[in-house]
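Here's the letter readout for the chains.
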Amino acid sequence: MSAAMLLAGSSSPFILAASADGCTEAPAASCVDVLLKQALAAAKSVEDEWVRGQALVDVALAQAKAGDLDTALATAKAIRSGSARAFAMQLVAVEQAKAGRFTEATAAARAIETPEDRASALFEIGNQQAMSGLYEAAHASAAAIERVGARSMLLSHIAMIQAQAGDYAAARASAVAADREDALDEAHDYIARTQAEAGAFDAALATADAIALAPRRDHAMGFIVIAQTRAGAIAEAAATAGRIDNPVGRGSAQMFIAAAQSTAGDFVAALETAGRIEILQTRGRTQSRIASDLAEAGQFDRALEVARSIEMLDERADALRQLAVDEVGRGGQRVRALFLETVAVTGSIEDQRTRDFLLSQVIVSQSASGSADLALATAAMIAEEVIRDEALRAVAGAQMEDGDPSGALVTARSIAHPETRAQALVDIAKKHAGAGETDAAAAVFSEVRALSDDVGATPAEAWMADRLRSNLAESQVESGFVEAGLAELRRIGDDALRARAAAYIARLQAEDGDLAAALATARAVGDATARFEALWSIAMARVKASDFTGMSAAVGEIEDGALRARLLATIAVELAAQ
């Protein structure tokens, strides 16, 4: 059934009005106007005052975002619910400020009844004014805020913007006006960063030295190190890093310097810098980076020596793994030996969770390199079932990529947990379907179906079975097995799971252009929220396809006025942005 036939059989006032105004034909500006008028009418039709107020907030915001600021303000002012009216006024005032209409925005903000929403509006207006260089007006907005915390925060924001613009004296004055303990330190942090980015390193350091709180001072020093390093002033950067009090921050700065030295090929200096890092983990990661760069430069033996010298076992293992991955990319001959050494180092880590996690990372790398046999052997070393199962799923996926579907099936079937096993099998089926191998895909999908029936009968097991069926139904429809997917959908016993799966399938059908099927699937959803989500997805999919007749049909299915208003408002904003 075509969208036009669906429209012809509907009595929805939205559809009739939209069709009459030509909104179903093209995303013209007049269509946005029609949609907003329909959204307003739908919102006004809601009987409950609070719900109506929330719907009108959605409409007012959409009108403002679509550029109709005067109408948006009128809509906001007309809301009866005081809290909803204040919130809508705040949103519209902010949109006015974004459009540069500061006088109107300020007037709207001052008319807001609740102090919280009034403060929020004035804060955003002041922020927009500052970003436009209107600092005096921004200060006036701050002065109008009654709440001390919000006023202080806005002044700090103004100081940050002034600092970034290079107006340092004004930034300091704004920070002082903020009257907050760390406001001046915060401003000095931004000033130092801006000075450093401009290459004024001595001035940046002097500014950083004026910061009272050590953590904030360290933060500024760290940015100065980055700027000095990028400018090639390595000796100066190293000296600045040495002035950072906290060893963690100092180590991060030294790591940045070492990485730059290593990238430039100055490996001796990079290793010396790394050796000064006190935090073992940071030092290890830095050495790992240097090892990779050495290998890339053809100094593989030296790279291996550096990796093996890393003190922390987990960082050493990761460095060796990365060398193996790099060797794969270069087509080198030492891949297997490197992976075996990586596994040996990882296996010696005492903490089981850390060991299992690192082994799973090694497995992913081994699988991607075509070493499925090594990956399977490594998987057997993982103690925790959940991590092992996910690792095996990754191996099965890699085997499919390598053209080994039989091996992939064997690996997937070895997974202990039914849900992860089903996911691995679904991955395989979808890969077959994508390659046009429909018989093979259907056979694996059938295996998953049988697995869902064999999970068990306890409530927890029944729910797991329904999760498997939900994933299966969605995956079958994604892969073109629509009838099988819809049949599987009907087998889901849990209402919530069935509703979510149906909503997803309806969206897929809409994206494929089968509007009648999508609407039929959506209508069958029992849960009202999920049905609305399905219709929302259908409408947006048809908008994306410029099918406004189809969009109208989906919107016409929504009976709740507030929800219909929200969707219409969203579509209007989407079209206005095009």
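If you're wondering where the values come from, they're calculated on a predicted model, not measured in any experiment. (Residues numbered from 1 in each chain as written. Predicted model: local features only at pLDDT ≥ 70, side-chain atom pairs only at ≥ 80, totals over all residues. Heavy atoms only, no water.)

1. A word on the overall build of the protein chain
Scanning the protein chain from N- to C-terminus turns up 34 helices and 0 strands. Against the 2.2 N^0.38 benchmark of 25 Å for 578 residues, the protein chain shows a C-alpha radius of gyration of 31 Å, more extended than a compact globule. Each principal axis of the C-alpha distribution contributes one length, and for the protein chain these read about 75 × 75 × 40 Å. By the burial criterion, 50% of the 578 residues in the protein chain qualify as buried. Just so you have it, the protein chain exposes about 25700 Å², and 52% of that area is on carbon and sulfur atoms. Seen as two clouds, the 54 positive and the 80 negative side-chain charges of the protein chain have centres 2 Å apart. (Helix = DSSP H or I, 4+ residues; strand = E, 2+ residues; numbered from the N terminus. Rg over C-alpha atoms; globule rule 2.2 N^0.38 Å. Buried < 20%, exposed > 50% of the residue type's maximum accessible area, 1.4 Å probe, protein only. Areas by Shrake-Rupley, 256 points an atom, 1.4 Å probe, with all protein chains shown as cover. Lys, Arg positive; Asp, Glu negative; His and termini not counted. Charge placed at Lys NZ, Arg CZ, Asp CG, Glu CD.)

2. Brief notes about helix H24 (residues 385-401)
Across its 17 residues, H24 extends 24 Å between first and last C-alpha, which sits within 8% of the 24 Å expected from 1.5 Å per residue. For H24, the set of buried residues is Ile387, Asp389, Ala391, Leu392, Val395, Ala396, Ala398, Gln399 and Met400. Those residues of H24 hidden inside the fold are in contact with helix H22 (352-368), helix H23 (372-379), helix H25 (405-413) and helix H26 (418-434). Backbone geometry just after H24 places glycine 403 at a positive phi near 80°. (Expected span 1.5 Å × (residues − 1). Contact = heavy atoms within 4.5 Å.)

3. Some details on the packing of aromatic side chains
The final tally for this structure, using the stated rule, is 2 aromatic pairs. Summarising the aromatic geometry, the rings of phenylalanine 445 and phenylalanine 481 are spaced 5.5 Å apart at their centres and angled 75° between planes, so their arrangement reads as edge-to-face. One end of the pair, phenylalanine 445, is in helix H27 (residues 438-453); the other, phenylalanine 481, is in the loop between helix H28 (459-478) and helix H29 (482-490), with 36 residues separating them in the sequence. Residue phenylalanine 445 shares its accessibility class with phenylalanine 481, and that shared class is buried. Ring centres of phenylalanine 532 and tryptophan 536 lie 5.5 Å apart, and the angle between their planes is 80°; on these two criteria the pair is classed as edge-to-face. One end of the pair is phenylalanine 532 and the other is tryptophan 536, both in helix H32 (residues 528-544) and 4 residues apart, which spans about a single turn. Overall, phenylalanine 532 belongs to the buried group, its relative accessible area being 11%. If you follow arginine 193 out to its NZ or CZ, it ends over the ring of phenylalanine 223, 3.9 Å from the centre. (Phe/Tyr/Trp six-rings, centres within 6.5 Å; stacked < 30°, edge-to-face > 60°. Lys NZ or Arg CZ within 6 Å of the ring centre and 35° of its normal.)

4. Re the nonpolar core
In this structure, Leu35, Ile538, Met551, Leu567, Ile571 and Leu575 are the most contacted members of the largest nonpolar core, which totals 84 residues. With 58 residues, the next largest nonpolar core counts Ile310, Leu374, Met400 and Ile415 among its residues. (Core = buried A, V, L, I, M, F, W, Y, C linked by side-chain atoms within 4.5 Å.)

5. What about the pattern of salt bridges?
One pass over the full model with this rule turns up 41 salt bridges. Here glutamate 278 makes a salt bridge to arginine 250, at a shortest N to O gap of 2.4 Å. Linking glutamate 278 in the loop between helix H17 (267-275) and helix H18 (280-296) with arginine 250 in helix H16 (residues 247-263), this pair joins segments that are 28 residues apart in sequence. Between arginine 321 and aspartate 318 there is a salt bridge, with its nearest N and O atoms 3.1 Å apart. Here the residue arginine 321 and the residue aspartate 318 both occupy positions in helix H20 (residues 313-329), the gap between them amounting to 3 residues, near one helical turn. One connected set of salt bridges, linked through shared partners, spans Arg449, Asp453, Asp466, Arg469, Glu488 and Arg491. (Salt bridge = Lys/Arg side-chain N within 4 Å of Asp/Glu carboxyl O.)

6. Some remarks on the packing of H18 against H20
Axis separation between H18 and H20 bottoms out at 9 Å; the angle between their running directions is 20°. The angle between H18 and H20 places the two elements in the roughly parallel class. Where H18 crosses over H20, the handedness of that crossing is right-handed. The segment H18 lies against H20, with Gln281, Gly284, Arg285, Ser288, Ala291, Ser292 and Ala295 engaging Glu315, Ala319, Gln322, Leu323 and Asp326. Taken together, the residues of the contact of H18 with H20 break down into 4 nonpolar, 5 polar and 3 charged. (Axes fitted to C-alpha atoms, helices over the stretch in contact; angles between N-to-C directions. Parallel < 35°, antiparallel > 145°, perpendicular 65-115°, else oblique. Left-handed = near helix turned anticlockwise from the far one by under 90°. Nonpolar A, V, L, I, M, F, W, Y, C, P; charged D, E, K, R; others polar.)

7. Considering the side chain of glutamine 509
When you line up the elements, glutamine 509 lands in helix H30 (residues 495-511). Residue classification places glutamine 509 among the buried residues on the basis of a relative accessible area of 6%. Leave out the neighbours within four places in its chain, and glutamine 509 touches Val482, Leu486, Asp514, Ala517, Ala518 and Thr521.

8. Some points on H25
Turning to H25, its buried residues number three or more, namely Gly407, Ala408, Leu409, Thr411 and Ala412. Turning to H25, the residues buried within the fold contact H23, H24, H26 and H27.

9. Observations regarding unusual backbone geometry
Backbone geometry at aspartate 179 places phi at a positive 55°, although glycine is not the residue there. The backbone of serine 546 sits at a positive phi, close to 60°, despite the residue not being glycine. In this structure, serine 546 sits in the loop between H32 and helix H33 (548-556).

10. Quick word on the side chain of threonine 273
Residue placement: threonine 273 occurs in helix H17. Every residue in contact with threonine 273, bar those within four places of it in the chain, is listed here: Gln254, Ile257, Ala258 and Gln261.

11. Thoughts on the packing of helix H15 (residues 234-242) against H16
The contact between H15 and H16 brings their axes to 9 Å, and the two run at 165°. Considering the angle they form, H15 stands roughly antiparallel to H16. Considering only the axes of H15 and H16, their crossing is left-handed. For the pair H15 and H16, the contacting residues are Ile234, Ala237, Ala238, Ala241 and Gly242 in the first and Arg250, Ala253, Gln254, Ile257 and Gln261 in the second. In terms of residue class, the contact of H15 with H16 is built from 6 nonpolar, 3 polar and 1 charged.

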